[in-house]
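Single-letter residue listing:
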Amino acid sequence: MLPVVALVGRPNVGKSTLFNVLTRTRDALVHDLPGLTRDRHYGVCRLGTSEFVVVDTGGLSGEQEGIDALTARQAELAVDEADVVAFVVDARDGVLPQDRTILGHLRKRGKPLLLIVNKVDGVDEGQARGEFAAFGFAAPVLTSSAHSRGLPELLEEIAKHLPAIDVDAVAAGDPVDDGIRVAIVGRPNVGKSTLVNRLLGEDRVVVSEIAGTTRDSIRVPLERDGKKYTLIDTAGVRRRARVEEAVEKFSVIKTLQSIAAANVVVLMIDAGEGVSEQDATLIGHVIDEGRALVVAANKWDGLSTYERDQCRISLERRLDFVPFVKPVFISGLHGSGLAELMRAVVRAHRSATREFGSSELTKALEQAYEGYQPPLVRGHAPKLRFAHPGGTNPPTIVIHGSRTKHIADGYRRYLENFFRKRFKLEGTPIRIAFKDSTNPFAGRKNELTPTQVRKRKRMVRNAKRS
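Presented here is an overview of the structure given in this document. (Residues numbered from 1 in each chain as written. Predicted model: local features only at pLDDT ≥ 70, side-chain atom pairs only at ≥ 80, totals over all residues. Heavy atoms only, no water.)

## Considering helix α12 (residues 358-371)
Helix length check: α12 (14 residues) gives 20 Å between terminal C-alpha atoms against 20 Å at 1.5 Å per residue, within 8%. Of all the positions in α12, only Leu 361, Thr 362, Ala 364, Leu 365, Ala 368 and Tyr 369 are classed as buried. Seen along its axis, α12 keeps its buried residues to an arc of 165°; they face one direction. Those residues of α12 that are exposed and aimed more than 90 degrees away from the buried face are Ser 359, Lys 363, Glu 370 and Gly 371. On its buried face, α12 sits against β13 (383-391), β14 (396-402) and α13 (409-423). (Helix = DSSP H or I, 4+ residues; strand = E, 2+ residues; numbered from the N terminus. Expected span 1.5 Å × (residues − 1). Buried < 20%, exposed > 50% of the residue type's maximum accessible area, 1.4 Å probe, protein only. Arc of directions from axis to C-beta. Contact = heavy atoms within 4.5 Å.)

Right, here's the structure in full:
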């Protein structure tokens, strides 16, 4: 494994901004609102001479109850697994009692400790060094993460404290984004983070009864039954009319980006509430992105027999527009149905990434055309000649023929259903692209020879005489 560097400090001192600078990404959500980050966020820094994993943590506010206490627990776990702890403070705020308290706890852990004095732009550096000299660090690093100032000095100081790096670990690359990328989406408070923790067997992300606890998209590697996954826990998406805060708007954007980056999307719904209008909207986003889809009805354990029957009937009716999706009934809290859920994810991924041959697609197209021909267009039937693959995830089939521009949407859906049934594709949409075959003689004029011209004139004269 690559060495780990954890960023720890008070809320709103610039840890997430520094994380984005070090990883050269925009994975961490950044805003002026204190306490925005709550979960551990992992990334890889490849800027300096040494590669290492960076862990962004939530701000330590000192509260012992509620979400702040859960956030502090996540930060403690990050410190426990870190090889180097970077203590981030705010140069504009100066030394605060809260900083002293955090520093005292960090020193008790016995980990190599760095002091990063952030936000030094517009501040006298000599004064900042003198003020934070009371912390007893020989070489504090002055940075401005918003402007990438002091980054070379920071990388050099981190490299001094890193342990020896295994060459095989460097070749292994990023610890996340390995295997099947599974994005877990849904409305707020349907149990997405609870499901992630249950699959991992640990409290990896913050779970609370307060709706909207998760604000950022958190990627977590998972290995289960010999298969590798990357779980993406996302923020809950509400109706657009109810989204007012800027932070929630950014969270929704991150969720939509996670859908686009995933291989399989697990839409979680509350089994007691059924499929809402917002759930249908999210399914529409998944289909537009062409991603494989699995619908998981959570909180199944709390329903009576009658409520379960009504839930099945409701899902069958509301999911009629995505007939290729079969719902899975689970309990993220107690772990029931998780094996079937992961099997559904594997089946959907296998269907979405299946590679076809041109011959088998053409044979299937011929069978579909013989079974039901497209409606006539101005008295002529469109001809479908051959098909070939156009890509995977989603499976794309390119069909060549004549008059294909006039093929109705209903016939396109017929072909989609035929191909899905023929090749036993489950949980993935299919895209069909039509292409008109070009006429090789278009634009060419048949020039007559002198003999043909004389024969034509003679034929015209004979026609006039008769």
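## A closer look at empty space enclosed by the protein
Taken as a whole and assessed by the stated rule, the structure comprises 4 cavities of 30 Å³ or more. If you trace the largest cavity, you find it lined by Leu 29, Leu 36, Thr 37, Arg 38, Asp 39, His 41, Arg 215, Asp 216 and Ile 218. Partitioning the lining of the largest cavity into residue classes produces 3 nonpolar, 2 polar and 4 charged. Looking at the second largest cavity, its volume works out to about 50 Å³. (1 Å grid on protein atoms, 1.4 Å probe; cavity = no way out; pocket = protein on both sides within 12 Å on 5 of 7 lines; lining within 4 Å. Points joined across faces, edges and corners; volume = space filled by probe spheres on them. Nonpolar A, V, L, I, M, F, W, Y, C, P; charged D, E, K, R; others polar.)

## Notes on the pattern of salt bridges
The final tally for this structure, using the stated rule, is 17 salt bridges. Note that Arg 92 is salt-bridged to Asp 121, the shortest N-O span being 3.2 Å. Separated by 29 residues along the polypeptide, Arg 92 in the loop between β4 (84-90) and α3 (97-109) and Asp 121 in the loop between β5 (113-118) and α4 (125-132) bring together distant segments of the chain. With relative accessibility at 52%, the residue Arg 92 sits in the exposed group. Given a relative accessible area of 21%, Asp 121 falls into the partly exposed group. Of the charged contacts in the structure, one is a salt bridge between Lys 160 and Glu 157, with a shortest N-O distance of 3.7 Å. One end of the pair is Lys 160 and the other is Glu 157, both in helix α5 (residues 151-161) and 3 residues apart, which spans about a single turn. For Lys 160, a relative accessible area of 58% gives the class exposed. Residue Glu 157 is classed as buried on the basis of its relative accessible area, which comes to 14%. The network of salt bridges with shared partners includes Glu 340, Arg 343, Arg 347 and Glu 426. (Salt bridge = Lys/Arg side-chain N within 4 Å of Asp/Glu carboxyl O.)

## Digging into the sheet that holds strand β6 (residues 141-142)
Backbone-to-backbone hydrogen bonds pair the strands of a sheet. The strands run either parallel or antiparallel. The strand order across the open sheet built from 6 strands is β2-β3-β1-β4-β5-β6, with neighbouring strands paired in mixed fashion. The open sheet terminates on both sides in strands that have one partner only, identified here as β2 (41-45) and β6. Relative to strand β3 (residues 52-56), β2 is paired through 5 bridges, and the arrangement is antiparallel. In the strand pairing of β3, Tyr 42 is matched with Val 55. (Pairing = 2+ DSSP bridges.)

## Notes on unusual backbone geometry
Residue Pro 394 is reached from Asn 393 by a cis peptide bond, and omega for that bond is 5°. A positive phi angle is found at Asn 189, which is not glycine, with a value near 65°. In this structure, Asn 189 sits in the loop between β7 (180-186) and α7 (192-200). Residues other than glycine seldom take positive phi values, yet Arg 403 does so here, at roughly 60°.

## Quick look at the sheet that holds strand β11 (residues 292-298)
Read across the open sheet, the 6 strands follow the order β8-β9-β7-β10-β11-β12; overall the sheet is mixed. Each edge of the open sheet is held by one strand with a lone partner, namely β8 (218-224) and β12 (328-329). Here 7 bridges tie strand β10 (residues 264-270) to β11, and the two strands are oriented parallel to one another. When the sheet's bridge partners are listed, Met 268 is paired in β11 with Ala 296. Packing of helix α11 (residues 338-352) onto the sheet brings it into contact with β7, β8, β9 (227-233), β10, β11 and β12, and relative to β11 it is tilted by some 165°. (Axes fitted to C-alpha atoms, helices over the stretch in contact; angles between N-to-C directions.)

## Overview of the packing of helix α1 (residues 15-23) against α5
Two numbers describe how α1 lies on α5: the axes approach to 12 Å, and their chain directions differ by 85°. In this view, α1 runs roughly perpendicular relative to α5, as classed from their interaxial angle. Residue-level contacts link Leu 18, Val 21 and Leu 22 of α1 to Leu 151, Leu 154 and Leu 155 of α5. Within the contact of α1 with α5, the residues separate by chemical class into 6 nonpolar, no polar and no charged. (Parallel < 35°, antiparallel > 145°, perpendicular 65-115°, else oblique.)

## As for the packing of aromatic side chains
Under the criterion given, the structure shown has 10 aromatic pairs. Look at Tyr 411 and Tyr 414: their rings are 5.3 Å apart centre to centre, the planes differ by 45°, and that puts the pair in the tilted class. Here the residue Tyr 411 and the residue Tyr 414 both occupy positions in helix α13, the gap between them amounting to 3 residues, near one helical turn. Overall, the relative accessible area of 2% leaves Tyr 411 in the buried class. By relative accessible area, which is 22% here, Tyr 414 ends up partly exposed. Counting every residue linked through ring pairs, the aromatic cluster contains Phe 356, Tyr 372, Tyr 411, Tyr 414, Phe 418, Phe 419 and Phe 423. Geometry around Phe 329 places Arg 312 over its ring, the cationic atom sitting 5.2 Å from the centre. The ring of Phe 423 is capped by Arg 422, whose NZ or CZ atom sits 5.3 Å from the centre of that ring. (Phe/Tyr/Trp six-rings, centres within 6.5 Å; stacked < 30°, edge-to-face > 60°. Lys NZ or Arg CZ within 6 Å of the ring centre and 35° of its normal.)

Remember that the coordinates give geometry; whether it matters functionally is a separate question.
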